[in-house]
Amino acid sequence: MGRQAEQRDGAVGRGPLCVGAPHTLLWLAASLLLLVAQVLALENGLLRTPPMGWLAWERFRCNINCDEDPKNCISERLFMEMADRLAEDGWRELGYVYVNIDDCWIGKRDAKGRLVPDPKRFPNGIAHLADYVHSLGLKLGIYEDLGNFTCMGYPGTTLDKVVQDAQTFAEWKVDMLKLDGCYSTPEERATGYPKMAAALNATGRRIAFSCSWPAYDGGLPPKVNYSLLADTCNLWRNYDDIQDSWKSVLYILDWFVTYQDILQPVAGPGHWNDPDMLLIGNFGLSFEEAQAQMALWTVLAAPLFMSTDLRTISAQNMDILQNPLMIKINQDPLGIQGRRIVKEEFFIEVFLRPLSHGASALVFFSRRTDMPYRYQSSLATLNFTSSHVYEAQNVYTGEIISDLHGETEFTVTVNPSGVVMWYVYPKSLGKAHH
Ligand SMILES: *[C@@H]1O[C@H](CO)[C@@H](O)[C@H](O)[C@H]1NC(C)=O
Ligand SMILES: *[C@@H]1O[C@H](CO)[C@@H](O)[C@H](O)[C@H]1NC(C)=O
Ligand SMILES: *[C@@H]1O[C@H](CO)[C@@H](O)[C@H](O)[C@H]1NC(C)=O
C-alpha cells in the first residue's frame, strides 16, 4: 500500500564503544556485546541467506473475480499452478522454494475467532494447500496484517488475536508469515510485531517472519530501531510497494542508496532488508531494465521474490531469473549487503558486494538514455586494495576477463538503463563457476 515515506537525513553513526580503553577491557566489552547480540537475535535459524520464491501481490493483486478470470484470481488454483511451475521448470533446484500468498485470501473469522480462508476460492483450506506445496519440496507463505483490517479490508490481526493467529498458521503448517501494517498505530506496531515474533516462536514451528513494520514508520531511525527489528523479524519491508515500472525500480533504488549507511550494516544472515518484489516477466521493464533489477537486487542481498506468471514467462526472462552465478552471488553465505561505491556525474554508477573467499560482485549501472557507454576503470579505483591478481566473470555473458591487477585499466560497455555485472575473484582460486 502506498504511503508517503518521510524524508529524513539524520544518519545514525555508531560511535566506538570506549576509545582508549585498555585492550582487555575493550575485548571484554566486545565479547559481552556479542553475547548480548546472540541472546537477542531472532533465533529461529531461518533465512541464513535471502529467501527466494514467488509472491502473488505485484502481479495478481486483489483479483478475486474467479467467475470471469479463474486462471488469475487469488485462489488455491493459482498457488498450486505456480507451485507446479516452481517444481517442474527448474526453479526449485535453484532455491526458489517459497510460494507466498499475499492479501485477499481471508473469508472471515469463525465463531471461535479463527481465521477462515474464502471458501469459494480456497475450498480445500490452507492446510491442504500447504500439504500440496510441501509434497513438491516447496514452502508456503501466508499474509496477515497487524491492525483492524488488511490493506484490502479483510479481517486483520488485532493485538488480542496475535497468539491465536500464530497458532492457526502453525497448525496449517505455514512456513512464512508476511505481516503488513495497514490500519495500525505506531504503538500497536511496537507491541504487535514483537508479540507476533514471540507467538510464532511459541508454536514450536519454525516460521520465517517478514515484517512491514519499518515501512509504516518511515523506514529510518530514530522511529525505526533496526537492531530491534533484527531481533524480531527475518526480513522487513523498509519502504514503499514496488509497481510495474522502471520509474518505481529507480524510486526504490534511490531510497536504498540514499540511506545505505543506515541500511547496509543491518542486513545479514537471518535478517534482511527487503526492497520488494522482482518485476521481471511483467509489463513495465525492458530487457536491459530487467537485467538491471536482478543485478541490483542481488548486490543489495535482497530477497528474490518473483511476482509474475510463471505459466507464460518467456525464455529470455527465465534466463535472467535462473542465472546460476547470479543466484550464487545473491545467496553468498557471508550475507553482506553491497553498496554503491561510485556515482559519476555522467550517470554511471558502480555497486560492490563483498563475497566469501575474497570474491566480490561488481555492478556497473547506467542511468544514461543515449547509447551504450564505454566506462573505463580499474580495480584499484574501485576499492580493491590487495595485491592479488584477479579474474572476472561477466555474470550475464559468461565472458572471462583475465589477469586483472589493481592498476589494470579495463573498459566495460554499459547499455542505457542497463548493467554489466562481474563476479571478481582472486586468480589463485581458479575459475569459480560455469
Ligand atoms: C524460539 O526461540 C529460542 C531462543 O530464543 C530458540 O532457541 C528456538 O529455536 C526458537 N524456536 C522456534 C520454533 O523458532
Ligand atoms: C481499530 O478499531 C478500534 C475499535 O473499533 C478503534 O478504536 C481503533 O481506532 C481502530 N484503530 C485504527 C488504527 O484504525
Ligand atoms: C533498540 O533496540 C535494542 C533492543 O533490541 C535496544 O537495546 C536499544 O536500546 C534500542 N535503541 C534505541 C535507540 O532505542
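Since this is a predicted model, take the numbers as computed values, not measurements.

What counts as what
Residues numbered from 1 in each chain as written. Chains lettered and ligands numbered in written order. Predicted model: local features only at pLDDT ≥ 70, side-chain atom pairs only at ≥ 80, totals over all residues. Heavy atoms only, no water. Near = heavy atom within 4 Å. Polar contact = N/O pair within 3.5 Å; in protein donor to acceptor, adjacent residues only side chain to side chain. Areas by Shrake-Rupley, 256 points an atom, 1.4 Å probe, with all protein chains shown as cover. Nonpolar A, V, L, I, M, F, W, Y, C, P; charged D, E, K, R; others polar. Core = buried A, V, L, I, M, F, W, Y, C linked by side-chain atoms within 4.5 Å. Buried < 20%, exposed > 50% of the residue type's maximum accessible area, 1.4 Å probe, protein only. Domains from an automatic or database assignment. Contact = heavy atoms within 4.5 Å. Helix = DSSP H or I, 4+ residues; strand = E, 2+ residues; numbered from the N terminus. Disulfide = S-S within 2.5 Å. Phe/Tyr/Trp six-rings, centres within 6.5 Å; stacked < 30°, edge-to-face > 60°. Pairing = 2+ DSSP bridges.

### Thoughts on the site of ligand 1
Taken together, Glu43, Asn44, Asn201, Gly204, Arg205 and Arg206 make up the full set of residues near ligand 1. Here Glu43 contributes a backbone N or O atom positioned 3.3 Å from an oxygen atom of ligand 1. Here ligand 1 has 360 Å² of accessible area as a free molecule, and 57% of this is covered by the chains. Here the shell around ligand 1 is built from residues that sort into no nonpolar, three polar and three charged.

### So, the nonpolar core
Trp54, Tyr96, Trp105, Phe209 and Met294 are the most contacted members of the largest nonpolar core, which totals 124 residues. When we break this core down by domain, the ones giving at least three residues each are domain 1 (52-330) and domain 2 (339-429). Contacts of Phe209, omitting those with residues within four sequence positions, involve Leu177, Leu179, Tyr193, Met196, Ala197, Leu200, Thr232, Cys233, Asn234 and Leu235. Ranked by size, the runner-up nonpolar core spans 20 residues in total, among them Ile348, Ala392, Leu404 and Val420.

### Observations concerning helix 6 (residues 162-171)
Within helix 6, the full set of buried residues consists of Val162, Asp165, Ala166, Thr168, Phe169 and Ala170. Contact partners of the buried residues in helix 6: strand 3 (106-109), strand 4 (115-117), strand 5 (139-145), strand 6 (176-180) and helix 7 (186-203).

### Some words on the environment of Gly418
Inspection of the secondary structure assignment puts Gly418 in the loop between strand 17 (410-414) and strand 18 (419-426). Residue class for Gly418 comes out buried when judged on its relative accessible area of 0%. Taking the C-alpha atoms as reference, Gly418 lies 9.9 Å from Val363; in sequence the two are 55 residues apart. When sequence neighbours within four positions are dropped, the list of residues in contact with Gly418 reads Glu288, Ala292, Phe364, Phe365 and Ser366.

### Description of the state of the cysteines
What the rule picks out here adds up to four disulfides. Here Cys151 pairs with Cys182 through a disulfide, and the sulfurs are 2.1 Å apart. Measuring handedness by torsion sign, the sulfur bridge of Cys151 and Cys182 sits at about 95° and is right-handed. Placement of Cys151 in the loop between strand 5 and helix 6 and of Cys182 in the loop between strand 6 and helix 7 is noted, with a sequence separation of 31 residues between them. Each sulfur in the disulfide pair Cys211 and Cys233 lies 2.1 Å from the other. Since a negative S-S torsion denotes a left-handed disulfide, the Cys211-Cys233 link at about -95° is left-handed. Here Cys211, found in strand 7 (residues 208-211), pairs with Cys233, found in the loop between helix 9 (226-232) and strand 8 (235-237); they are 22 residues apart in sequence, far enough to count as distant.

### Let's talk about the site of ligand 2
Near ligand 2 you find Asn148, Tyr183, Ser184 and Thr185, and these make up its full shell. The separation between an oxygen atom of ligand 2 and a polar side-chain atom of Asn148 is 2.3 Å. Its free accessible area being 360 Å², ligand 2 has 34% of it covered by the protein chains. For the shell around ligand 2, the residue count by class is one nonpolar, three polar and no charged.

### What to know about the packing of aromatic side chains
Within a pair of aromatic rings, the relevant descriptors are the distance that separates the centres and the angle that separates the planes. Throughout the structure, instances matching the rule amount to 23 aromatic pairs. Ring centres of Trp246 and Phe365 lie 6.2 Å apart, and the angle between their planes is 75°; this geometry places the pair in the edge-to-face category. Remark: Phe365 occurs in strand 13 (residues 360-366) and Trp246 occurs in helix 10 (residues 246-258); sequence separation between them is 119 residues. Taken as a pair, Trp246 and Phe365 share a single burial class, namely buried.

### Thoughts on the pairing of strand 15 (residues 390-394)
For strand 15, the buried fraction is high: five of the five residues fall into the buried class. Where strand 15 meets strand 16 (residues 400-404), three bridges bridge the pair, whose relative direction is antiparallel. Bridge pairing links Ala392 to Ile401 in strand 16. Linking strand 15 to strand 16, which pair antiparallel, is a turn of five residues; within it Gly398 sits at a positive phi near 85°.

All we've got here are geometric facts, nothing functional implied.
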